[in-house]
Amino acid sequence: MKTNPNKKNSLKHVLFGSLIGTTIEFFDFYIYANAAVLVFPQLFFPSSDSTMATLESLATFSIAFLSRPLGSAFFGHYGDKIGRKFTLVAALLTMGISTVTIGFLPSYESIGVAAPLLLMLCRFGQGVGLGGEWGGAVLLAIENAPPNKRAWYGMFPQLGAPIGLLLSGGTFLLLTDSMSNEDFMNYGWRIPFIASALLVIVGFYIRTKITETPSFENSKKEQEEVKVPFLELVKSYKNQLIFGTFAAITTFLVFYLMTVFTLSWATSDLGIVKRDGLLIQLFSVLFFALFIPVSAVVADKIGRRKMLILATAAIAVFGFFFSYFLSVGNIALVTIFACIGMSLMGFTYGPLGTFLSELFPTNVRYSGASLTFNMAGILGAAFAPMIAIWLAKTYDVSYVGYYLVTAAFISLISFIVISKDEHKF
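Rules behind the numbers
Residues numbered from 1 in each chain as written. Predicted model: local features only at pLDDT ≥ 70, side-chain atom pairs only at ≥ 80, totals over all residues. Heavy atoms only, no water. Salt bridge = Lys/Arg side-chain N within 4 Å of Asp/Glu carboxyl O. Helix = DSSP H or I, 4+ residues; strand = E, 2+ residues; numbered from the N terminus. Buried < 20%, exposed > 50% of the residue type's maximum accessible area, 1.4 Å probe, protein only. Contact = heavy atoms within 4.5 Å. Core = buried A, V, L, I, M, F, W, Y, C linked by side-chain atoms within 4.5 Å. Axes fitted to C-alpha atoms, helices over the stretch in contact; angles between N-to-C directions. Parallel < 35°, antiparallel > 145°, perpendicular 65-115°, else oblique. Left-handed = near helix turned anticlockwise from the far one by under 90°. Patch = residues over 30% accessible without salt bridge, like charges linked within 9 Å, V, L, I, M, F, W, Y side chains within 5 Å. Areas by Shrake-Rupley, 256 points an atom, 1.4 Å probe, with all protein chains shown as cover. Phe/Tyr/Trp six-rings, centres within 6.5 Å; stacked < 30°, edge-to-face > 60°. Lys NZ or Arg CZ within 6 Å of the ring centre and 35° of its normal.

The next subject is the pattern of salt bridges. Pairing between side chains of opposite charge can happen when their charged atoms approach one another. Applying the stated criterion to the full structure yields six salt bridges. Here Asp177 ties to Arg275 by a salt bridge, and the two come within 2.8 Å at their closest N and O atoms. Of the two residues, Asp177 is situated in helix H8 (residues 160-178) and Arg275 in helix H14 (residues 274-302); the sequence distance between them amounts to 98 residues. The exposure class of Asp177 is partly exposed, given its relative accessible area of 43%. Classification of Arg275 as partly exposed rests on a relative accessible area of 40%. Taken together, the shared-partner salt bridges connect Arg150, Asp300, Arg304 and Glu358 into one network.

Here you go:
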């Protein structure tokens, strides 16, 4: 997979190439999230206690967040050593193979305990793939961007998250509407996992047409390469790694509270039927998608750090209103709640990739941005749905909001104390 150094990426290839990959990766990632709530508790974790089955299913959901930093370290190493292009293709295939395999797994009833173990292995592979994909896609965009439009370019791979979520939620909604519950549980849920192979083929083709970024090529010419990017990060960029991770945890937490927790709570405790829960989620994702480009425009005007501080402060305020929206099964209130939360998610998610990437120089940027983002995923999202469900059932749903407020406070402090050094592109 050779790169022609004289050939430049067109704007169309850069933006579409970064967007298509993250869309596919997040589609694969989120169909698992939907299935973990709607399908896997019954098929892979049979239990007389439905709450326990859901918690066991969500535990496998968290595995991907634990494996994402491994993907970041592995793919980040080669992304910083041999280039963004090859690494992006390899990460896409890792995710794709893991996802398609889930569609063919037998249930617990067929092979017993081996079924959830195989499911966990596939989920691990999904995490490794996404851990390598996100950082490379963001760098593909911003390392080809003009200095005054980095947040705008950097928001295109971020759009892959709401688009992937719309596709995954829409697919599940279409399947549940078009077949009986028995057929859906028998084979219908497998369709999106297997069909994702078509998306991976498209993404693979597009990625092979992309050349290396100018920043990476310049770094190679100036012989700025380091032997082991991870060791260089730990040695010289501890401040950026630690506080970059804590700065990003609120972004992860608010997203998974708005999606996995809200869908689970609304359908299991508030009496809202699954179809309505999926419709609320899909509608709210439109606000997520809308405010990503809005936040990017503002971030290029006032600065990425300032934009993220304002968004995080707004999320902290939002956390105090959980009990008002989620104490009764009022569809209108739950919808408003989801839309507000997803709007705030758009504001914080849009500039985040650019902000994290700007913390590191080119020769360790892939590893640095990927590790901070995915380590934040462990702290902010890996166990967030389980913790939130436990808080809501043990105490009250308002405590889920306080959980979000606490995370927002940690992120605000991190944005303030993180190193302000700027690195060339």
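We are not done yet, so read on.
Moving on: the side chain of Ser72. With respect to the element layout, Ser72 can be found in helix H3 (residues 50-81). If near-sequence neighbours (up to four positions away) are discounted, Ser72 is found in contact with His77, Gly131, Gly132, Ser370, Leu371 and Asn374.

What follows concerns the nonpolar core. Val39, Phe40, Tyr256, Phe261 and Leu326 are the most contacted members of the largest nonpolar core, which has 127 residues in total. If one sorts the elements of this core by residue count, helix H13 (residues 238-268) sits on top with 16 residues. The contacts of Phe261, once residues within four sequence positions are left out, are Tyr256, Leu326, Ala388, Ile389, Ala392, Val397 and Val400. Counting five residues, the second-largest nonpolar core is a separate cluster that includes Ile20, Ile24, Leu92 and Val200.

How two helices sit against one another is set out by the angle between their axes and by the gap between those axes. The N-to-C vectors of H13 and helix H20 (residues 384-394) enclose an angle of 55°; their axes lie 9 Å apart at closest approach. Overall, the two elements H13 and H20 adopt an arrangement that is oblique. Two packed elements cross with a definite hand, and for H13 against H20 that hand is right-handed. Facing H13, whose interface residues are Leu253, Leu257, Val260, Phe261, Ser264 and Trp265, H20 presents Ala384, Pro385, Ala388, Ile389, Ala392 and Lys393.

In this section: a nonpolar patch on the surface. On the surface, a nonpolar cluster with roughly 920 Å² of combined accessible area is contributed by Val317, Phe320, Phe321, Tyr324, Trp390, Tyr395, Tyr399 and Tyr402. Looking at the element boundaries, Phe321 is found in the loop between helix H15 (304-318) and helix H16 (322-326).

Time to look at the packing of aromatic side chains. A complete count under the given rule lists 30 aromatic pairs for this structure. Between Phe74 and Tyr78, the aromatic rings sit 5.3 Å apart at their centres with planes inclined by 65°, giving edge-to-face as the arrangement. With a gap of four residues between them, Phe74 and Tyr78 both fall in helix H3, about one helical turn apart. Here Phe74 falls in the partly exposed class, since its relative accessible area comes to 46%. A ring pair is formed by Phe355 and Phe415, whose centres lie 5.4 Å apart and whose planes are at 65°; its orientation type is edge-to-face. Of the two residues, Phe355 is situated in helix H18 (residues 352-357) and Phe415 in helix H21 (residues 398-417); the sequence distance between them amounts to 60 residues. Accessibility classification places Phe355 together with Phe415 in one group, the buried group. Feature note: the residues Tyr30, Phe255, Tyr256, Phe288 and Tyr349 constitute an aromatic cluster, connected by ring pairs. Positioned over the ring face of Tyr32 is Arg123, at 4.3 Å from the centre of the ring.

The next thing to look at is the environment of Ser370. Looking at the secondary structure, you find Ser370 in helix H19 (residues 362-382). Since its relative accessible area comes to 0%, Ser370 is described here as buried. The sequence separation of Ser370 and Gly136 amounts to 234 residues, and the corresponding C-alpha distance is 8.0 Å. Apart from residues no more than four positions distant in its own chain, Ser370 is found in contact with Ser72, Gly131, Trp134, Gly135 and Arg365.

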